[in-house]
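One letter stands for each residue in the lines below.
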Amino acid sequence: MRYEAPQTTPEAVALLAGTKGKVHILAGGTDLIVRMKGGFVEPDMVLDIKRIKAMHLIRKTKSGLSIGAAVTCGEMGVHKALKKAWPGVVESANLIGSDQIQGRCTITGNLCNASPAADSIPALIAADARALIAGPKGERLLDVGSLPTGPGKNALKKGELVVSIELPPRDARSADAYLRFTPRTEMDIAVVSAAVNLTIDRQGVITAARVALGAVAPTAIRVPAAEKALLGNKLDAATLAAVGEACSAACKPIDDKRGTVEYRTRVAGVLAKRAAQAAWMRAGGKP
Ligand SMILES: Cc1cc2nc3c(=O)[nH]c(=O)nc-3n(C[C@H](O)[C@H](O)[C@H](O)COP(=O)(O)OP(=O)(O)OC[C@H]3O[C@@H](n4cnc5c(N)ncnc54)[C@H](O)[C@@H]3O)c2cc1C
């Protein structure tokens, strides 16, 4: 197996373009190395992006905030501007594994690995984030929700890699929240998860809303009916009940030892309501 560690994105793209066979990008390796050791993947080349300095940056851009593909989840947790603007995205990254795992792992790896239960994906969908992708034909932006195409599958074409995750500008009185249910308090993957991103006006009326669920379908899903229930309303009991119902109705989960279809469907509604309340309070909403 060949190992390459380029120092720039163009070098990485050239290496990807010039290599035949199976290539895997190595970010934190907390999924990839486990899969290689288990014999589930046998790459012909591993391309390590950790030496690309630009991919280690969290930057303010004209259009919002950019999180480089090699930024660790631990680094996200101590970045003040990121935490202030996107507390839900950061809390999703800081639920992954443990401190040791977060010292290595990235949200880009979490996204590209495309587990239905991945913690960062619902939060990134609710945030309306985009993945900046580089490849042989140049750069393109893709909605994060379109990147995972099924369990373990993603929409990257041959020779492409994700350079960064782009978060949009933040309006005043906006906030997000992410919650997951796991049987254990940590080192477990979500049985169900929910992310809500809200903007409210001075009266507390919701003027923008995005809602996403994880672990209830082959990929994380957005829930337009829940967003519709929030828009134009305050977060009163009737609105919350409508959000919970819409989220439960959107679930198409599997039945397994970690949770039945009925259980996941019910918990999705409960978590979505709680995430909406957390986002609302953070945005300055008064109960
Ligand atoms: C003990 C343990 C606990 C865990 N707990 C959780 C948890 O609670 N929640 C959770 O969601 N996950 C969990 N995971 C899974 C894993 O830690 C996360 O998915 C993590 O975010 C992966 O990031 P990484 O940087 O390590 O990815 P890597 O392992 O480096 O890569 C993952 C996949 O993405 C591809 N990839 C990485 N970067 C790019 C890129 N820039 N462009 C294109 N493709 C790329 C790789 O080729 C690989 O296929 C856990 C794993 C372990 C070992």
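Keep in mind that this is a model prediction, so the values were computed, not measured. (Residues numbered from 1 in each chain as written. Predicted model: local features only at pLDDT ≥ 70, side-chain atom pairs only at ≥ 80, totals over all residues.)

Participant: Explanation requested: the overall build of the chain in the structure shown.
Facilitator: Of regular secondary structure, the chain possesses 11 helices and 14 strands. Taken against the 2.2 N^0.38 rule, which gives 19 Å for 287 residues, the C-alpha radius of gyration of the chain at 19 Å falls within 12% of a compact globule. Along the longest, intermediate and shortest principal axes, the C-alpha atoms of the chain span 60 × 45 × 35 Å. Looking at the chain as a whole, 46% of its 287 residues are labelled buried. Within the chain, contacts between residues separated by at least 24 positions form 64% of all contacts whose residues are at least 6 apart in sequence. (Helix = DSSP H or I, 4+ residues; strand = E, 2+ residues; numbered from the N terminus. Rg over C-alpha atoms; globule rule 2.2 N^0.38 Å. Buried ≥ 20, exposed ≤ 12 C-beta atoms within 10 Å, placed from the backbone. Contact = placed C-beta atoms within 7 Å.)

Participant: Looking at this model, I keep getting lost on the site of the ligand. Mind explaining?
Facilitator: The local shell around the ligand holds 31 residues, among which Ala 27, Gly 28, Gly 109, Asn 110 and Cys 112 are the closest. Taken together, the elements giving at least two residues each to the shell around the ligand come down to strand S2 (23–26), helix H2 (32–37), helix H7 (107–113) and strand S10 (161–167). In terms of residues, the shell around the ligand owes the most to one element, H7, which gives five residues. Of the residues in the shell around the ligand, the class split is 18 nonpolar, 10 polar and three charged. (Near = placed C-beta within 6 Å. Nonpolar A, V, L, I, M, F, W, Y, C, P; charged D, E, K, R; others polar.)

Participant: Explain the sheet that holds S2 to me, please; I cannot follow it from the model alone.
Facilitator: One key point about sheets: their strands pair by backbone hydrogen bonds, in either a parallel or an antiparallel sense. Ordered in space as S1-S3-S2, the three strands form an open sheet in which the pairing is parallel. Where the open sheet ends on each side, the last strands, each with one partner, are strand S1 (2–4) and S2. Averaged over all neighbouring strand pairs, the angle between strand axes comes to 20°, with direction disregarded. One ladder, built from three bridges, connects S1 with strand S3 (residues 45–48); its direction is parallel. From the neighbouring strand, Arg 2 faces S3, where its bridge partner is Met 45. (Pairing = 2+ DSSP bridges. Axes fitted to C-alpha atoms, helices over the stretch in contact; angles between N-to-C directions.)

Participant: Explain the sheet that holds strand S5 (residues 64–68) here, please?
Facilitator: If you trace the five strands from one edge of the open sheet to the other, you get S4-S5-S10-S6-S7, paired in antiparallel fashion. Looking at which strands have only one partner, the edges of the open sheet turn out to be strand S4 (58–61) and strand S7 (138–143). Between one strand and the next, the sheet's axes are offset by a mean angle of 25°, whatever the strand orientation. With six bridges connecting them, strand S6 (residues 130–135) and S7 associate as antiparallel partners. Residue pairing for S7: Ala 131 is matched across the bridge by Leu 142.

Participant: Would you take a moment to explain helix H11 (residues 261–282) for this structure?
Facilitator: Count 3.6 residues to each turn of an α-helix, and residues three or four apart come out pointing the same way. For H11, with 22 residues, the first-to-last C-alpha span of 31 Å sits near the 32 Å given by 1.5 Å per residue. For H11, every residue scored as buried is listed here: Arg 264, Val 267, Ala 268, Gly 269, Leu 271, Ala 272, Lys 273, Ala 275, Ala 276, Ala 278, Ala 279 and Trp 280. Looking one or two residues past H11, Gly 284 carries a phi angle of roughly 105°, positive in sign. (Expected span 1.5 Å × (residues − 1).)

Participant: Where do I start with the pairing of S6 in this structure?
Facilitator: Regular strands show a simple pattern: their side chains alternate between the two faces of the sheet. Taking the residues that link successive antiparallel strands as the turn, the S6-S7 hairpin has two residues. Sheet analysis places S6 next to S10, joined by five bridges and oriented antiparallel. Residue pairing in the sheet places Arg 130 in a bridge with Glu 166 of S10.

Participant: Please clarify how the nonpolar core should be interpreted in this entry.
Facilitator: Counting residues in hydrophobic clusters, the biggest one holds 93 residues, and the most contacted among them are Leu 124, Val 196, Leu 213, Cys 247, Ala 272 and Ala 275. Viewed by domain, this core spans two of them, domain 1 (2–167) and domain 2 (174–282), each represented by three or more residues. Residues in contact with Val 196, not counting those within four places in the same chain, are Ala 126, Asp 176, Ala 177, Val 211, Ala 272, Ala 275, Ala 276 and Ala 279. (Core = buried A, V, L, I, M, F, W, Y, C linked by C-beta atoms within 7 Å. Domains from an automatic or database assignment.)

Participant: Help me understand the pairing of S3, please; the structure alone is not making it clear to me.
Facilitator: Inspection of the sheet shows S2 paired to S3 by four bridges, in the parallel sense. Looking at S3, one finds that Ile 25 is bridged to Leu 47. In this fold, S2 hands off to H2, which returns the chain to S3; that crossover is right-handed. (Right-handed = clockwise from strand over helix to strand, strands pointing away.)

Participant: Mind showing me how you'd approach helix H10 (residues 237–250) here?
Facilitator: With 14 residues, H10 extends 20 Å between its outermost C-alpha atoms, agreeing within 8% with the 20 Å of an ideal straight helix rising 1.5 Å per residue. Among the residues making up H10, those that are buried are Thr 239, Leu 240, Val 243, Gly 244, Ala 246, Cys 247, Ser 248 and Ala 250.

Participant: Looking at this structure, how should I read the environment of Asp 31?
Facilitator: Examined against the element boundaries, Asp 31 turns out to sit in the loop between S2 and H2. Given 21 C-beta atoms within a 10 Å radius, Asp 31 is considered buried. Setting aside anything within four residues of it in sequence, one finds Asp 31 in contact with Gly 109 and Asn 113.

Participant: Is there a simple way to think about the domain arrangement of the chain in this case?
Facilitator: Interfaces are often sized by the amount of accessible area the parts lose when they come together. Considered domain by domain, the chain is made up of domain 1 (2–167) and domain 2 (174–282). Between domain 1 and domain 2, the C-alpha centre-to-centre distance is 24 Å. On the side of domain 2, 27 residues touch domain 1, which itself brings 25 residues to the contact. Looking at the side of domain 1 that touches domain 2, the elements that each hand over two or more residues are helix H5 (87–93), helix H8 (120–126) and strand S8 (148–150). For the side of domain 1 that touches domain 2, a count of residues per class yields 15 nonpolar, seven polar and three charged.

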